[in-house]
Amino acid sequence: GYITSCICDGGYTAGSDGVECTACGVGTYKSETGTGACLVCPSGTNSSLASTAVGNCSCIAGHTAESDGVACAACEAGKYKSVTGAGACSSCPAGTNSSAGSDGVYD
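Asks: Even after reading the chapter, I still don't get the overall build of the protein, so can you show me in this structure?
Replies: A tally of regular secondary structure across the protein gives zero helices and 10 strands. In sequence order, the protein lays out its α and β elements as β-β-β-β-β-β-β-β-β-β. Taken over the C-alpha trace, the protein has a radius of gyration of 18 Å; the compact-globule value for 107 residues is 13 Å, which it surpasses by more than 25%. Its C-alpha atoms give the protein principal-axis dimensions of roughly 70 × 20 × 15 Å. Burial status across the protein gives 33% buried among its 107 residues.

Structure representation (structure tokens):
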């Protein structure tokens, strides 16, 4: 038959065309169709299952960047970020401190 005409969508991969495709795992993405490998998200980021673009990789809590899809740096000591995605780290309240990469005001 012509089952080999069936190829994986972006966000899915397989060893060959015409077989069942599996979703790219959390922390990976694949924008192309076909059998290509899923690519690892940039440092300090994560993505959901079956992500189709590097832009789906967003900063994990405690990390910051100008936009999604790029490597995220840990918040510096004395700052924290409790939410995922791009954005600035917040300063700890007066008289308190935190270690680098803190993801909450209670770290």
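After presenting the structure, the write-up continues.
Asks: How should the state of the cysteines be read in this particular structure?
Replies: Every disulfide links exactly two cysteines, by a covalent bond between their sulfur atoms. Following the criterion strictly, the structure yields five disulfides and no others. Residue Cys41 pairs covalently with Cys57 via a disulfide, S to S 2.0 Å. Taking the torsion about the sulfur-sulfur bond, which here is approximately -65°, the covalent link between Cys41 and Cys57 counts as left-handed. On the criterion of sequence distance, the pair formed by Cys41 in the loop between strand E4 (39-40) and strand E5 (45-46) and Cys57 in the loop between E5 and strand E6 (58-59) is long-range, its members being 16 residues apart. Judged by relative accessible area, Cys41 falls into the buried class, the value being 8%. Note that Cys59 is cross-linked by a disulfide to Cys72, the S-S spacing being 2.0 Å.

Asks: Just checking my understanding: could you explain the side chain of Lys30 for this structure?
Replies: Looking at where Lys30 falls in the secondary structure, it is placed in the loop between strand E3 (28-29) and E4. Although buried, Lys30 forms no salt bridge, and the nearest oppositely charged side chain, Glu32, lies 8.0 Å from it. At 2.9 Å, the side chain of Lys30 forms a polar contact with the backbone oxygen of Glu32.

Parameters at a glance
Residues numbered from 1 in each chain as written. Predicted model: local features only at pLDDT ≥ 70, side-chain atom pairs only at ≥ 80, totals over all residues. Heavy atoms only, no water. Helix = DSSP H or I, 4+ residues; strand = E, 2+ residues; numbered from the N terminus. Rg over C-alpha atoms; globule rule 2.2 N^0.38 Å. Buried < 20%, exposed > 50% of the residue type's maximum accessible area, 1.4 Å probe, protein only. Disulfide = S-S within 2.5 Å. Lys, Arg positive; Asp, Glu negative; His and termini not counted. Salt bridge = Lys/Arg side-chain N within 4 Å of Asp/Glu carboxyl O. Polar contact = N/O pair within 3.5 Å; in protein donor to acceptor, adjacent residues only side chain to side chain.

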